[in-house]
2 protein chains.
Amino acid sequence: MVAALGNAAGFWAKRGGFHAEVLGTEKKGQVHFKWGGNAEQLQLLFLEIREKLLTDCAPLTEKMEERGGGITGLELKVLPNILPNYYQLDASFETCDAMGANFINSCLEQMGKSLQNYFRESKAISDCDRECEIIMAILSNYTPESHVKVWVECPVSNLLDGNTEAECEAFARRFEQAVRISQLDVSRAVTNNKGIFNGIDALAVATGNDFRAIEACGHAFASRNGQYSGLTDLQIQDGKFRFSIGLALAVGVIGGVTAVHPMAKLAMKILDNPSAKELMMYLAVAGLASNFAAVKALVSVGIQKGHMKMHLSNIMNQLQIPEEKRAEIQDYFRDKTVSFSAVEEYWKSSGLRDSG
Amino acid sequence: MVAALGNAAGFWAKRGGFHAEVLGTEKKGQVHFKWGGNAEQLQLLFLEIREKLLTDCAPLTEKMEERGGGITGLELKVLPNILPNYYQLDASFETCDAMGANFINSCLEQMGKSLQNYFRESKAISDCDRECEIIMAILSNYTPESHVKVWVECPVSNLLDGNTEAECEAFARRFEQAVRISQLDVSRAVTNNKGIFNGIDALAVATGNDFRAIEACGHAFASRNGQYSGLTDLQIQDGKFRFSIGLALAVGVIGGVTAVHPMAKLAMKILDNPSAKELMMYLAVAGLASNFAAVKALVSVGIQKGHMKMHLSNIMNQLQIPEEKRAEIQDYFRDKTVSFSAVEEYWKSSGLRDSG
């Protein structure tokens, strides 16, 4: 993984590097509630309710507003198809450099209380409709509007070092086919995206971010059009190879573990203490680089050439083959298929085991 | 997380424990290829091709067959809607207690070579159709037939300690609503499943399993019906509360890191060295327990009560509040909303900072 990432990074460093853009940083949360009154009346009253809820949240949002964040949107969703009399307060947040989970959840729980108070007290509500059940109030890890885009590009003719133009074109075409398959076939899409998150999670874990949140959001994003699909895209146009990823991704660099755990602090320092937006870009870069390395290997030498080195080493460990005998075994298996039985067989029959 | 899991485990230990069943352990992989000949002819020839491919793989599968595994299926998929002249060899594998990634990839790469040889040599193929392009040969992390089911159940009336039957019923109804929402609303589904993987990943990482593979497969599985959906389910019937999870999940307990890394070995030892099937069940149990704890908190006290303890502690760290002053601050905020500004304000204005 590390070797593959380093390889991809070096490859693109010579070809203009990685380009990145943050398209949004909106985070989300919902108050899920039931109310037995008239839905249209509620929609009419919502401007007034919205006002009250935001006012009641003001003490909670003060600090975040000072930093340039706060509650950026609040909508009412009427969803009787999910449960009878069921609604959502769908809230949007800007949490700047913080992950903001506690901030968002505190605001949402306050909104739930305020909403119940509104129904209890408002003159616009008839007495038989004063009951409001808050089912739950909780942030969503699905943040499709917290969105980052990363791409690499170079002339197709410059794609491979020391190869002919025709070879570069053949490589580009093979790469394109692999990307197309990952977009349209779920078996390949899952493995493709898994490889993307190999890169992303390594950096997310290192910086103390919640990788389960990043995974859940990213994979749900991959299924947003009704079929689970690969997250990377390739365009070949006017002789240019352009490989890109668009990803829904929410992170923080202050609060949480990032600012507390010594290893996370060190990782952040190595990255020159990026902002949350910068970290979003770095994460997506790690994802794209990881995918580039995997697809490049897959459509050229095959994934096993690299894996097999590791596999052979694992098998030799299990067979407890002494260090000084290993080079010869590695040599022997350079052009052969590695399996436990093949290595064991060679180890026993080659005389290597019993030699000096 | 650990507290929540321990809590859920204790809760269900008194109510019959967790029930688990492995419904399948099939792993998958594909050879992606293009061939310009007639698709119907290829389908007719496939029995013969299949035979040749399996024969050629025999040296690779020998060891795995001794353990009771091997190649369990091989199908031809005709997929011109994805790419012109595009096919898949769709192979199924049983890898017993191994993750089997190297085994599967080696078999697939061999199948690719054998397939090319077949086209090159077979008398049934006309000379203009001898070319076959292997796009890639690679396992799939999507394993919908590697499937585990876990459930807990108890009488609704026994759901809460020391509560009336009516309170138990109200809790069950609220829990049911939350589960229903997670199944039908993507914002909630993502967060719900994220919480499930909080439990699963902790155990996957501890046992040296590849959590990105488990995440990718699980989330794609969550979107298999065209909409990303919650993975847990609740049935209330005849006074019984039955909470369950069905999960596609592929793991290994031999080979890879599990048998090599000292911490993974220790974790496996603590688990009494489970088989792969047993580990599948344990992982799904961790997922269901984690989700139970989260939903229980959400529909009763709210998620923030637990989170806020941690949040307050983080804030006090940032404000560098001395240990001996912390208990008083914790007391003060027991019934108040925690935010950075509120804690800072109280710290400055309460006189606590300047006392003793």
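Rules behind the numbers
- Residues numbered from 1 in each chain as written.
- Chains lettered and ligands numbered in written order.
- Predicted model: local features only at pLDDT ≥ 70, side-chain atom pairs only at ≥ 80, totals over all residues.
- Heavy atoms only, no water.
- Contact = heavy atoms within 4.5 Å.
- Buried area = accessible area lost by both parts, 1.4 Å probe.
- Salt bridge = Lys/Arg side-chain N within 4 Å of Asp/Glu carboxyl O.
- Polar contact = N/O pair within 3.5 Å; in protein donor to acceptor, adjacent residues only side chain to side chain.
- Helix = DSSP H or I, 4+ residues; strand = E, 2+ residues; numbered from the N terminus.
- Nonpolar A, V, L, I, M, F, W, Y, C, P; charged D, E, K, R; others polar.
- Phe/Tyr/Trp six-rings, centres within 6.5 Å; stacked < 30°, edge-to-face > 60°.
- Buried < 20%, exposed > 50% of the residue type's maximum accessible area, 1.4 Å probe, protein only.
- Lys NZ or Arg CZ within 6 Å of the ring centre and 35° of its normal.
- Domains from an automatic or database assignment.
- Least-squares fit on C-alpha atoms with pLDDT ≥ 70 in both.
- Pairing = 2+ DSSP bridges.
- Axes fitted to C-alpha atoms, helices over the stretch in contact; angles between N-to-C directions.

Chemist: When you look at the interface of chain B and chain A in this model, what are you seeing that I'm missing?
Modeler: When the parts come together, some accessible area is lost, and that loss is often what is quoted as the size of the interface. Taken together, the contact between chain B and chain A spans 71 residues of the former and 71 residues of the latter. Summing both sides of the interface, chain B and chain A together bury roughly 6,100 Å²; the carbon and sulfur share of this comes to 59%. Taken together, the links from chain B to chain A amount to eight salt bridges. A salt bridge links A:Lys194 to B:Asp210; the nearest nitrogen and oxygen atoms lie 2.7 Å apart. Inspection of the region where chain B meets chain A yields 22 residue pairs in polar contact (both at pLDDT 80 or more). If one sorts the elements of the side of chain B that touches chain A by residue count, helix 5 (residues 186-206) of chain B sits on top with nine residues. A per-class count over the side of chain B that touches chain A returns 31 nonpolar, 25 polar and 15 charged.

Chemist: I would appreciate a short explanation of the packing of aromatic side chains in the present structure.
Modeler: Any two aromatic rings considered together are summarised by their centre-to-centre distance and by the angle between their planes. Evaluated as defined, the whole model comprises 33 aromatic pairs over all chains. Aromatic pair A:Tyr118 and A:Phe119: ring centres 6.0 Å apart, planes at 75°, arrangement edge-to-face. For A:Phe119, a relative accessible area of 0% translates into the label buried. Measuring from centroid to centroid gives 6.0 Å for B:Phe93 and B:Phe103, while their planes differ by 80°, and the two rings are edge-to-face. With B:Phe93 in strand 4 (residues 86-94) and B:Phe103 in helix 3 (residues 101-121), this residue pair connects regions lying ten residues apart in the sequence. Grouped by ring-pair contacts, the aromatic residues A:Phe11, A:Trp12, A:Phe171, A:Phe175, A:Phe241, A:Phe243 and A:Phe292 constitute a single cluster. A:Arg15 extends its terminal NZ or CZ atom over the ring of A:Phe11, reaching a point 3.8 Å from the ring centre.

Chemist: Looking at this model, I keep getting lost on the domain arrangement of chain A. Mind explaining?
Modeler: Looking at chain A, the domain boundaries give domain 1 (2-21 + 144-300), domain 2 (27-140) and domain 3 (306-349). Once you take the C-alpha centre of each, domain 1 of chain A and domain 3 of chain A turn out to be 33 Å apart.

Chemist: So what exactly am I meant to see when it comes to the relation of the copies chain B and chain A here?
Modeler: Mapping between the two chain copies consists of a rotation about an axis together with a translation along that axis. In the superposition of chain B on chain A (RMSD 0.1 Å, axial shift 0.0 Å), the rotation amounts to 180°. Taken together, the rotation and translation relating the two chain copies correspond to the operation of a two-fold axis. The rotation axis passes nearest to the C-alpha of B:Gly226 in chain B, at a distance of 2.3 Å. The overlap is high: 99% of the interface residues of chain B also sit at the interface in chain A, so the same surface is used on both sides.

Chemist: Would you explain the sheet that holds strand 8 (residues 240-248) of chain B in this entry?
Modeler: Within a sheet, neighbouring strands are paired by backbone hydrogen bonds and run either parallel or antiparallel to one another. All names here are of chain B. Here we have four strands laid out as an open sheet, ordered 1-6-8-7, and antiparallel in their pairing. Of all the strands in the sheet, just strand 1 (19-25) and strand 7 (232-237) have a single pairing partner and so form its edges. Taking each pair of neighbouring strands and ignoring which way they run, the sheet shows an average axis angle of 20°. Examined bridge by bridge, strand 7 and strand 8 share six bridges and lie antiparallel to one another. Residue pairing for strand 8: Asp233 is matched across the bridge by Ser244.

Chemist: Quick question: what am I supposed to make of the pattern of salt bridges here?
Modeler: It is possible for side chains bearing opposite charge to pair when their charged atoms get close. Residue and element names in this part refer to chain B. Tallying each qualifying case throughout the model produces 33 salt bridges over all chains. The partner of Asp161 in a salt bridge is Lys14, with the nearest N and O atoms 3.1 Å apart. In this pair, Asp161 sits in the loop between strand 6 (146-155) and helix 4 (165-184) while Lys14 sits in the loop between helix 1 (2-13) and strand 1, placing the two residues 147 residues apart along the sequence. Here Asp161 matches Lys14 in class, with each residue exposed. Residues Asp161 and Arg15 are paired through a salt bridge, measuring 3.0 Å at the closest nitrogen-oxygen approach. Separated by 146 residues along the polypeptide, Asp161 in the loop between strand 6 and helix 4 and Arg15 in the loop between helix 1 and strand 1 bring together distant segments of the chain.

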